[in-house]
Each structure stands twice: as structure tokens, then as C-alpha cells.
Amino acid sequence: MNSSSSTSTTDTLHSFMEALLIDQYFLGWIFAFLFGFLLLLNFKRKREKNNSTEFGTDHSNGYYIPENIAGSTDVIIVGAGVAGSALAYTLAKDGRRVHVIERDLTEQDRIVGELLQPGGYLKLIELGLEDCVNEIDAQRVFGYALYMDGKNTRLSYPLEKFHSDVAGRSFHNGRFVQRMREKAASLPNVRMEQGTVTSLVEKKGSVKGVQYKTKDGQELSAFAPLTIVCDGCFSNLRRSLCNPKVEVPSCFVGLILENIDLPHINHGHVILADPSPILFYKISSTEIRCLVDLPGQKVPSISNGELANYLKTVVAPQVPKQLYNSFIAAVDKGNIRTMPNRSMPADPHPTPGALLLGDAFNMRHPLTGGGMTVALSDIVLIRDLLGPLRDLHDSLTLCKYLESFYTLRKPVASTINTLAGALYKVFCASPDKARQEMRDACFDYLSLGGICSEGPIALLSGLNPRPMSLFFHFFAVAIYGVGRLLIPFPSPRKMWLGARLISGASGIIFPIIKSEGVRQMFFPATVPAYYRAPPITKKM
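Rules used in this analysis
Residues numbered from 1 in each chain as written. Predicted model: local features only at pLDDT ≥ 70, side-chain atom pairs only at ≥ 80, totals over all residues. Heavy atoms only, no water. Pairing = 2+ DSSP bridges. Helix = DSSP H or I, 4+ residues; strand = E, 2+ residues; numbered from the N terminus. Buried < 20%, exposed > 50% of the residue type's maximum accessible area, 1.4 Å probe, protein only. Right-handed = clockwise from strand over helix to strand, strands pointing away. Salt bridge = Lys/Arg side-chain N within 4 Å of Asp/Glu carboxyl O. Expected span 1.5 Å × (residues − 1). Contact = heavy atoms within 4.5 Å. Core = buried A, V, L, I, M, F, W, Y, C linked by side-chain atoms within 4.5 Å.

Next up on the list: the pairing of strand β6 (residues 151-156). In the sheet, strand β5 (residues 143-148) pairs with β6 via 6 bridges, with the strands oriented antiparallel. Looking at the pairing, G143 lines up with S156 of β6. What sits between β5 and β6 in their antiparallel hairpin is a turn of 2 residues, with D149 showing a positive phi close to 50°.

Okay, here's the thing in C-alpha cells:
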């Protein structure tokens, strides 16, 4: 009995142990499953947080955007022209991770953006990009030669206080841009990609990145805490970031004259022709760029020979005689290009996570060649503003800081913009006698030399872009014109013409100043946004 009882107890204990082991086996599987599930969920969350290219579905705009974008990109730059390439190099040199998306990375052939003023070259030096004008056969420019009615005068840049290397530069735009792209792409934290940005990705009023098509047609999205749009004068993204008011006052007709020197070596030539100016400047050791301005938006047809006939019969007789034969040969060669000249004052509406730059943001008539100077000056300012902000993820705070950019840039940008628009209107021929007097007075005022030529040329070159200096010289020209009318004997007719001259001068400059913003241009320190920026650390 004792033996049977012992056996029964042993069997029961054995069965209990087997059941316990089976339960532990299943519990182990359950715990392992739960642990693996939690590990997988945590990994997925980390991946969504760190990878800026991961996105899913969202009810608002079709894309899920991670709340905290802390991926591999700090700044997305749309466009790799002069502004985009210079900005990419500058921000990357400061340690930012930059993704540049450019529609076409091949060398472009343009007829504008070929003259960099000395003020722009100084900004190029400040950004460490001055070597980009090397090895592209760029030509040094020391000033202008001005022609009108058989007279001419030479106006030199005031470069005495600068290093001997400081001067203007003229070149093929495509070669210059390619050098800048190469310099930017040489930095390890710059990713330069060919693709077409189709739209900005927004969430709750803040820009989080862009949607774009790659070179092979694949549709992708890229995310970063800051997107800077600088895709040029034909920008399709600016409408969501500013109020574009684009005007087309005229068109340029471009030609290249070969194997001939300009009458005044290393100077740009401006002919005050009828109906509007003609420009000549060297873009290589063997080529001279000629730009013929045609007022309005309508250009004679190239295909039926109408434009060539216009150039030969209307323009050629007004060209300096030293260039006449080469001009005719260039027309006969037939490589005639046209380009509309656009003007657009900067009128942004600050948007968290985004910024406008370059021609996408602000344009002026290209007569004075100030566009690249404005863009490079803006880039120096952006670099200094972003320098103290190592974390760009607080989009609202960043937006408030960048509002100061729109104010701080105004004195320099508005001076160059206003000068370009005002000079173009003064230099154009007009049947109005008062306007013709203003034009004559401007030529003679610049021919006086001394402060009368150095002041305006310092403004034109970007070496002294001060609004009050511009205002002073513009009305000094008008008063000089009135004085010429009234000396030696004033008459009622001359006094009336002088009053019309002053009125006409006011009608030229005040609308431009109004569009630029009087307060921001002349009194930026009274604008609250002026004080929103973090302390600017100057970099050399």
C-alpha cells in the first residue's frame, strides 16, 4: 500500500511539473512576442524621427510629416544659380547640412548676369568665393565710358582705398555659375541634386520641405527645418511666400562681337541711344557682349529678319564708330538672343520654415548690373543672422529672426534697386522736353568729375550703397539741370521747364522709393523687426 501510494504521489508530482514546464514554455513565447513587438515599435518610431525622407498619409495635405524633423538635412536650397550656389557653400562652411535641388546642372548660356560690380566682388571675397572668377577668362572692369550725341566721358570706380585685386568682373555667366557649383559640391555636407521642385510641403502654416521630381522622373519629398527658395526670375514657388508684382519695362537683345577691343579698355560702355541705352562690355579676352535695350515687351521678329533690320538701320548708326563693323558682322552672323527685363520689389509675407532669395525674391532693371551684388550681400547677412542659431527646428522663432533679414537688407538692396530703375528712366530718350533736359543734365553732371562722378559711381558699383547719398545725387542732377536752364537769363518759359524738370524727377524716383518702402529704406532702425535678430557675429 505504501509502495502504491508513493508511486501515485510521484506520478502526480511528475504531471504537475510537466504542466508547469508547458505553462512556462507558453509564457516564455508570450513574453518574447511582447518584447519583440515593443522593440520593433520603438525602432519604427526612431526611424520616422531620424529619417527626413520617410512619410505616410496625412488628412490635411496627403503627406505625414514627422513632428520633429531632425534628419540628415538642415537646409534645403531650391536652385543652384549664383545665389543658390553661393548660399550652399556659405552655410555648409558654417557646418550646416545642405541639400541643393537644381532643375538643370549643365552649364547655362545666358545674356544677363555677366557683370559683377566691385561691391559684389567684395562680398564674394567675404564669402571665400573670390577664386570662382579665376580660370573662366573673366575680365577686370574699372569703370564706365558714357556716350551721348557724339560726346563721351569716362567714369572710374573709386578703388583707391581697396586692394589692387578689387575691381568689377565680367564673364560668361554659365562658366561663373559652374565654378560656384563645383566649389559648393566639393564640401562633404553639401548634396547637390538635379531635380525639379514642384511644390513646398506645408503643415499648419509652416514649410517643412519640398516635393520634387528627380532627373529620371521619380517623385520624392525632402524635409528640413529651413527651405530657402532661390530658383530665379521664373520662380514657380514665390507666390506662396511673397506678393509678386512683376513688371517688364523692356527687353534686351544680346549679341557677341568678336576679336575687337573696346575704345576704353577695361570699362563697360553705355550709349545713351534713342530710344533706350545700348551696353558693351567684354566677357572674355576675345568677346564683347552687346545688349540693346528695347522698351516694352514686344520685340521685332527674329525669324523674318525684322529684328536684324532694326538693329542695322536704327541701332547701328548710334554705335561708336570703332565698333560699327563688328556690330554689323555680329548681326549678320545671326546668333541673336532676347531676354525680358523684369523688375519686382521685395514684398514678402514671412512664412515659418521658408525664405526667399535672389531673383525669385527681388529684381531690378539689369542696366546697372546690380543683381549679383544684392544677392551676395543678402547671403552675407543671412550667414551672420543664422550663425548664432545652431538649432533651426523652432520654426516660429526662426521666422521672427528672419523677419529682421527683410529689414536689415533694405538700405543696401533698395539703394541699388532704386538707382537701377531711376537711371533707366533718365537714360531713355523721351519726346518730353523736361525729360530730355534731365537726361542731358545727368550726362553733364557725371562729366564734371570729382564728387559729381565719384558719388554716383560709388552707388552704382555697390561700394557705397547709401539711400541718402542716392537721394542727394539724384536731386543734385535735377537742380543742376534747372540751373543750366536759368543761366544766364531766366525766362518764364525756362522757369516753367525747370519746374517740370523737378516734377518729372520726383515722378521718377518717389514711386520707386515708395515700392521699396520709405521707412525700411531710410529709417530701418524704427522698424521693430530690426531688433529681433540674435547678435550678429562678424566673420572674415
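On we go from here.
So, on to the pairing of strand β2 (residues 98-102). Among the 5 residues in β2, 5 count as buried, and that is most of the element. Residues V98, V100 and E102 point to one face of β2 and H99 and I101 to the other, with burial holding for every one of them. Judged from the 4 bridges that link them, strand β1 (residues 75-78) and β2 form a sheet pairing that is parallel. Paired with V78 across the strands is I101, a residue of β2. Following the chain from β1 across helix α2 (residues 82-93) to the adjacent parallel β2, one finds a crossover that is right-handed. Where β2 lies against strand β8 (residues 190-203), 5 bridges are found, and the strand directions are parallel. From the neighbouring strand, V100 faces β8, where its bridge partner is M192.

A few words on the pattern of salt bridges. Within this structure, the stated rule accounts for 23 salt bridges. For R289, the salt bridge identified is with E114, shortest N-O distance 2.9 Å. You can see R289 sitting in strand β15 (residues 287-295) and its partner E114 sitting in the loop between β2 and β3 (115-116), a full 175 residues away along the chain. Comparing R289 with E114 shows no difference in burial state: the two are buried.

Every α-helical turn comprises 3.6 residues, leaving residues that sit three or four positions apart pointing alike. Between its first and last C-alpha atoms helix α6 (residues 321-333) spans 19 Å; for 13 residues at 1.5 Å apiece the expected length is 18 Å, and the two agree. For α6, the set of buried residues is L323, S326, F327, I328, A330 and V331. Against the buried residues of α6 lie β12 (247-258), β14 (278-282), β15 and α5 (306-315). One or two steps after α6, the chain reaches G334, where phi turns positive at roughly 90°.

Time to look at the nonpolar core. Residues L124, F176, V210, L357 and F405 are the most contacted members of the largest nonpolar core, which totals 67 residues. By size, the runner-up hydrophobic cluster in this structure holds 60 residues, among which are Y144, L155, I457 and L460.

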